[in-house]
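# Structural characterization, general
This is what each chain is made of:
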Amino acid sequence: MKKTDIETLEKELVYKRKNAFREMPKSEIKKAFAFSDDYKKYLDSSKTEREAVKTSLEIAKKEGFNEWKSGEKYSAGDKVYLVNRNKAVIFVKFGSAPIEKGVLISAAHIDCPRLDLKPNPVYEADNMAYLDTHYYGGIKKYQWVTLPLAMHGVVIKKSGETVEINIGESENDPIFYITDLLPHLAAEQVKKTLADGISGESLNILIGSEPIDDEKAGNAVKLNTLKLLHDKYDISEEDFLSAEISLVPAGKARDVGFDRSLISAYGHDDRVCAYPSLRALFDSENNKHTLIVCLTDKEEVGSMGNTGLNSSYLYDFIEELALDSGANPKTVFRNSKCLSADVNAAFDPAFAEVYEKNNASYINCGLVVTKYTGARGKSGSSEASAEYVAELRKIFDENGVIWQMAELGKVDIGGGGTVAQYVANRNIDVVDVGVPVLSMHAPFEVVSKLDVYSAYRGIKEFFEKMI
Ligand code: MN
Ligand code: MN
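What you see is a predicted model, and the numbers here were worked out from it, not measured in a lab. In this numbering scheme, every chain counts its residues from 1 along its sequence in written order. Each chain takes a letter, starting from A, and each ligand takes a number, starting from 1, following the order in which they are written. Note on the predicted model: pLDDT of at least 70 is required for a residue's local features to be given, and 80 or more for side-chain atom pairs to be given and counted; whole-chain, interface and lining totals, by contrast, use all residues. The basis for the side-chain values is all heavy atoms of the structure; hydrogens and waters are excluded.

## What about the layout of surface pockets?
A water-sized probe rolled over the atoms picks out the places where empty space is left. We apply this condition: A 1.4 Å probe that fits into a set of points on a 1 Å grid over the protein atoms alone but cannot get out defines a cavity; an open set with protein on both sides within 12 Å along at least five of seven lines defines a pocket, and lining residues are those with an atom within 4 Å of a point. Grid points are joined across faces, edges and corners, and a volume is the space filled by probe spheres set on the points. Under the scheme applied here, ten amino acids are nonpolar (Ala, Val, Leu, Ile, Met, Phe, Trp, Tyr, Cys and Pro), four are charged (Asp, Glu, Lys and Arg), and all others, including Gly, are polar. Domain extents, as shown, originate in an automatic or database domain assignment.
In this structure, the largest pocket spans a volume of roughly 1,000 Å³. Along its surface, the largest pocket is lined by 38 residues, and Ala345, Tyr355, Leu408, Met440 and His441 are the ones closest to its centre. Here the lining of the largest pocket is composed, by residue class, of 16 nonpolar, 14 polar and 8 charged. Each of domain 1 (3–112 + 266–465) and domain 2 (114–249) gives at least three residues to the lining of the largest pocket.

In structure tokens form, the structure reads like this:
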């Protein structure tokens, strides 16, 4: 065969992952960078699930979304939201087709790994005051020491009054800190494994060292700290009993690299899917199906509890939408389709041994479709049907969405779950799609701007074109 024939054959028969920098027109790359600037702002004001709900609501209200009312009749183009316990939120844009035709859902989680305060957190040790934490989600504990930490959360007083806490993000704020052992004295510590070098119980937050101005006072540093908290927030130690306060890495999302093609931030997983989902919903036009974006909580701890997608809150809501328009909810579920919008592990050349190169996701290669999660025999996962994946392939390819397909890591190494299995259990077609992330679950994770934009493009095309 001639060389040109081989080239034609290769082009026609061999599948090659696309690089967004090569495929996207310059004008679209520019749009992607602008989109990322908005995304960074969203990240900076959404460091907890409660903050993400609040920020999302603020944007949605400007887009014309109103609070959903049970029993109300809605028609095509109406936009509503339902907040679940201030930690999850559902946005709906009604379509022109009857709801029996099914709804299209993009579900992303807005909780992230972090350090939560224990119920009785405050203590003093050797003239320093500390807060005791219980970490949330899958973290590598050694990554959380000697970092500037910010405190975010709420204290709900007995009166029901909410006190919002947000300290450490402004340049004038103090930050909080967890100490580590100096190398000079760490001969024994450094022999431990990464898992054991820093224990969960030693993740204690340094919050002060100044004693209260009275030589007779016991625990004078703790008392001084409590007084400062009382002066500023009108709370006492007992109020921590009904508080939800988290320590997260302080600081804003930043561009990475000379070319600024990447973003480092706390909490890409999974706000990097939440924000594109929202924007895709807002920007989608002439939608036939009713569109739903669900920003959910508790994915990082198995989607448990009444704000996680293993509970019935989303499905109950869809059921009410169905009943309010005279439809059978079971028919609606059966005809519905969902993108479980969640991140995948981007191939990292520094740790190549845990990936299988042909089936890993790559930075700048666009939206990742993950047909199934789980590990070691696909256990504990739901798998999207080939039929559903084919429908998405067609939509993405016909509309210039850059996308790739991947598993998470080598077969025997590990894996992870998403909300997909819980959605699938309700007889809804579901597949994982998302953005490849470097250093997932680290205090600062990294994503590519073109991948963030590809996620937006993909979800928007799904909303507009899915039959
Ligand atoms: Mn996730
Ligand atoms: Mn995660």
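## Comments concerning the coordination of the manganese ion (ligand 1)
When four donors bind a metal tetrahedrally, each ideal donor-metal-donor angle is 109.5 degrees, and when six bind octahedrally, the ideal angles are 90 or 180 degrees. Stated formally: Nitrogen, oxygen and sulfur within 2.8 Å of a metal are treated as its donors, or within 3.2 Å for sodium, potassium and calcium (Na, K, Ca); water is not counted, so a site can appear incomplete. Here a strand is any run of E in DSSP of at least two residues, a helix any run of H or I of at least four, and the numbering for each starts at the N terminus. Residue burial is assigned from relative accessible area. The probe radius is 1.4 Å, only protein chains are included, and a residue is buried under 20% of its type maximum, exposed over 50%, and partly exposed in between.
The coordination sphere of the manganese ion (ligand 1), as far as protein atoms go, consists of His109 (NE2), Asp269 (OD), Asp342 (OD) and Asp342 (OD), spread over 2.1 to 2.8 Å. When the donors of the manganese ion (ligand 1) are listed by position in the chain, the intervening gaps give H-x159-D-x72-D. Metal-to-metal, the separation of the manganese ion (ligand 1) and the manganese ion (ligand 2) is 3.3 Å; Asp269 coordinates the two. A residue pair is termed long-range when its members are at least 10 positions apart, and His109 in strand β4 (residues 103–109) and Asp269 in helix α7 (residues 268–283) qualify at 160 residues. The pair His109 / Asp269 is uniform in exposure class, with both members buried.

## A closer look at the sheet that holds β4
Let me state the cut-off plainly: For two strands to pair, DSSP has to find at least two bridges joining them. Here, residues are in contact when the closest pair of their heavy atoms is within 4.5 Å. To get an axis, fit a line to the C-alpha atoms, keeping to the stretch in contact for a helix; angles then go from 0 to 180 degrees between the N-to-C directions.
The strand order β1-β2-β3-β13-β4-β14-β18-β16-β17 describes an open sheet built from 9 strands, whose pairing is mixed. Unpaired on one side and paired on the other, β1 (66–67) and β17 (403–405) mark the two borders of the sheet. Sheet topology note: the strand β16 (residues 367–370)/strand β18 (residues 429–434) ladder contains 3 bridges and is antiparallel. Pairing of Val368 across the sheet is with Gly434, part of β18. The strands touched by helix α4 (residues 49–62) within the sheet are β2 (79–84), β3 (88–93) and β13 (290–296), with β3 carrying the most contacts at an inclination of about 20 degrees.

## Focus on the side chain of Ser303
Note on placement: Ser303 falls in the loop between β13 and α8 (313–324). Once you skip the residues sitting within four places of it in the chain, Ser303 turns out to touch Lys298, Gly308, Leu309, Asn310, Ser311, Val419 and Tyr422.

## Here's the deal with the state of the cysteines
Formally: Criterion for a disulfide: a pair of cysteine sulfur atoms at a distance within 2.5 Å.
Evaluated as defined, the whole model comprises 0 disulfides. Between Cys365, a cysteine without a disulfide, and Cys273, which holds the nearest cysteine sulfur, the sulfur-to-sulfur distance is 16 Å. Under the relative-accessibility criterion, Cys365 is labelled buried at 9%.

## Describing unusual backbone geometry
Omega for the peptide link from Asp269 to Asp270 comes to 15 degrees, which places this bond in the cis form. Note on placement: Asp270 falls in helix α7. Phi at Lys298 takes a positive value of approximately 65 degrees, unusual for a residue other than glycine. As for its position among the elements, Lys298 is in the loop between β13 and α8. Since its relative accessible area comes to 19%, Lys298 is described here as buried.

## Details of the environment of Val354
Take Val354: it is sitting in the loop between β15 (344–345) and β16. Residue Val354 is classed as partly exposed on the basis of its relative accessible area of 29%. In contact with Val354, other than residues within four places in its own chain, are Gly409, Lys410 and Ile413.

## What about the packing of helix α3 (residues 26–44) against α7?
Two packed helices can be described by the angle between their axes and the distance between those axes. Using the following cut-off: In this scheme, roughly parallel covers angles under 35 degrees and roughly antiparallel covers those over 145, while 65 to 115 is roughly perpendicular and the rest are oblique. Crossings are classed by handedness, with left-handed meaning an anticlockwise turn of the near helix from the far one by less than a right angle and right-handed meaning a clockwise turn.
It is the contact of α3 with α7, at a shortest axis distance of 10 Å, that shows an interaxial angle of 120 degrees. When the axes of α3 and α7 are compared, the pair comes out oblique. α7 is crossed by α3, and the crossing has right-handed handedness. Note on element contacts: α7 touches α3 through His268, Arg271, Val272, Ala274, Tyr275, Pro276, Leu278 and Arg279, opposite Phe35, Asp38, Tyr39, Tyr42 and Leu43. Residues that form the contact of α3 with α7 fall into these classes: 9 nonpolar, 1 polar and 3 charged.

## As for the packing of aromatic side chains
The following threshold applies: Centres within 6.5 Å are what make two rings of Phe, Tyr or Trp a pair, Trp counting through its six-membered ring; a difference in plane orientation under 30 degrees is then read as stacked, over 60 as edge-to-face, and the rest as tilted. Note on criteria: charge over ring means Lys NZ or Arg CZ within 6 Å of the ring centre, with the direction from the centre no more than 35 degrees off the ring normal.
In the structure shown here, the tally under the stated rule is 16 aromatic pairs. Arranged with centres 4.8 Å apart and planes meeting at 90 degrees, the rings of Trp68 and Phe317 form a pair that is edge-to-face. Placement of the pair is Trp68 in the loop between β1 and β2 and Phe317 in helix α8, with a sequence separation of 249 residues. Residue Trp68 shares its accessibility class with Phe317, and that shared class is buried. On the numbers, 5.7 Å between centres and 40 degrees between planes, the contact of Phe462 with Phe463 is tilted. Put simply, the rings of Phe35, Tyr39, Tyr42, Tyr275, Tyr453 and Tyr456 pair up and form one aromatic cluster. Here the basic side chain of Arg114 rests over the ring of Tyr136, its NZ or CZ set 3.9 Å away from the ring centre. Above the plane of the ring of Tyr372 lies Lys378, whose end atom (NZ or CZ) is 4.0 Å from the centre.

## Considerations on the coordination of the manganese ion (ligand 2)
Protein-derived ligands of the manganese ion (ligand 2) are Asp269 (OD), Glu300 (OE), Glu300 (OE) and His441 (NE2), with the metal-ligand distances lying across 2.0 to 2.6 Å. Read in sequence order, the donor residues coordinating the manganese ion (ligand 2) give the pattern D-x30-E-x140-H.

## Notes on the pairing of strand β6 (residues 128–136)
The pairing of strand β5 (residues 114–125) with β6 spans 8 bridges and is antiparallel. Across the sheet, Asp116 pairs through a bridge with His134, a residue of β6. Judged from the 4 bridges that link them, β6 and strand β9 (residues 204–208) form a sheet pairing that is antiparallel. When the sheet's bridge partners are listed, Asp132 is paired in β9 with Asn204.

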